[in-house]
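# Residue-level structure breakdown
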Amino acid sequence: VIVATDLDGTLLDHHDYSWQAAAPALQALKEAEVPIIINTSKTFEEVLELQKALGIVEPFIVENGSGLFLPVNTYPQPDTRPEQVAGFWQCTLGSDREAIVARLHELREANGWQFSGFADMTLTDLIQHTGLPEENARKAMKRRFSEPLVWKDTDAAFAEFKAQLEAEGYRILKGGRFVHVLGDTDKGYAVTRFADIFATNGETFPKIIALGDSPNDIEMLQVADYAVLVRSPVQNFPEFNSKGVQIRTSAFGPEGWNEAIQSLLQH
Ligand code: 2M8
Ligand code: MG
Ligand code: MG
């Protein structure tokens, strides 16, 4: 079994980004040697920092399925011949952020759409929007594969924006705070790719426990054997069909994470 988890609003508290309420379940997973695969909208730099705090070195997925990183010590070089960054193989599943931002700005000029992306924000703006400490906000700005934005126009204009970008092969996903524009990938595609690699690395194809709190987690929850819908203080999960069992937590964020993992480990 592997655990694939979203961060903000799921393993991390939506407001203060703390994970300590999930410490007992994290410890139980470590003892059971269950890999914890972080699968998030966050960046490579943000996840490295969190892995340090959690005391784990595991494969992880960033920017909504855009990049899969595998520790070079425990995983052979994937046949896609990826580059090596800070002790990880980087497998690119999405697109290049600069190209995405360039296209977004062209479309904004042409259509007069109102939105504000990370590329338009100063560090202070980002801190205001997210409540992240300055060091973390800097790491969130270091994006490789995607552009998060705040939509400031009408719903009708958003529908046009989404249709236009999807026709060009981009994906538009909604996280807890931002709309994310990325290449043709998502958290579900990336976790399936990882499970394949895990299985060729001397293991069998794993059962997947996935945990998320937002619409951008749906594809990951759909491919999981156990889909944990962590209760969110800011939104209700839309109904969706999935391959496995759906479990809704009664507690929010990391407390819900702890509750669900501990009860799954008892089975
Ligand atoms: C962004 O992602 C969250 C996750 O759901 C969101 O859309 O609300 C990302 O840009 C991430 O890098 C950043 O750390 C986070 C901060 O709230 O926002
Ligand atoms: Mg989330
Ligand atoms: Mg997320």
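Residues numbered from 1 in each chain as written. Chains lettered and ligands numbered in written order. Predicted model: local features only at pLDDT ≥ 70, side-chain atom pairs only at ≥ 80, totals over all residues. Heavy atoms only, no water.

Glancing now at the packing of helix α4 (residues 123-130) against helix α5 (residues 134-141). Close contact between α4 and α5 brings their axes to 10 Å; oriented N to C, the two are set at 105 degrees. By the criterion of interaxial angle, the relationship of α4 to α5 is roughly perpendicular. Along its contact with α4, which presents Leu123, Leu126 and Ile127, the element α5 presents Glu134, Ala137, Arg138, Ala140 and Met141. Here the contact of α4 with α5 is composed, by residue class, of six nonpolar, no polar and two charged. (Axes fitted to C-alpha atoms, helices over the stretch in contact; angles between N-to-C directions. Helix = DSSP H or I, 4+ residues; strand = E, 2+ residues; numbered from the N terminus. Parallel < 35°, antiparallel > 145°, perpendicular 65-115°, else oblique. Contact = heavy atoms within 4.5 Å. Nonpolar A, V, L, I, M, F, W, Y, C, P; charged D, E, K, R; others polar.)

Further remarks concern the pattern of salt bridges. Evaluation of the coordinates by the stated rule reveals 20 salt bridges. In this structure, Arg97 and Glu147 form a salt bridge, with 2.6 Å as the shortest nitrogen-oxygen distance. You can see Arg97 sitting in helix α3 (residues 97-111) and its partner Glu147 sitting in strand β8 (residues 146-151), a full 50 residues away along the chain. Residues Arg97 and Glu147 agree in their burial class; the two are buried. The shortest N-O distance in the salt bridge between Asp186 and Arg171 comes to 3.0 Å. Of this pair, Asp186 sits in the loop between β10 (179-182) and α7 (187-200) while Arg171 sits in strand β9 (residues 171-174), and the two are 15 residues apart along the sequence. The structure contains a network of salt bridges with shared partners spanning Glu49, Glu134, Glu135, Arg138 and Lys139. (Salt bridge = Lys/Arg side-chain N within 4 Å of Asp/Glu carboxyl O. Buried < 20%, exposed > 50% of the residue type's maximum accessible area, 1.4 Å probe, protein only.)

The domain architecture assigned to the protein consists of domain 1 (2-57 + 186-265) and domain 2 (97-182). The C-alpha centroid of domain 2 is placed 24 Å from the C-alpha centroid of domain 1. In this complex, domain 1 contributes 16 residues to the contact, which on the side of domain 2 involves 16 residues. Counting the surface lost from both domain 1 and domain 2, the interface buries some 1,400 Å², and carbon and sulfur atoms represent 50% of this. For the domain 1 face of the interface with domain 2, the top three residues by lost area are Tyr17, Glu45 and Glu46, together amounting to 33%. One salt bridge connects Arg171 with Glu219, and the closest N-O pair in it is separated by 3.3 Å. Considered class by class, the residues forming the side of domain 1 that touches domain 2 number three nonpolar, seven polar and six charged. (Domains from an automatic or database assignment. Buried area = accessible area lost by both parts, 1.4 Å probe.)

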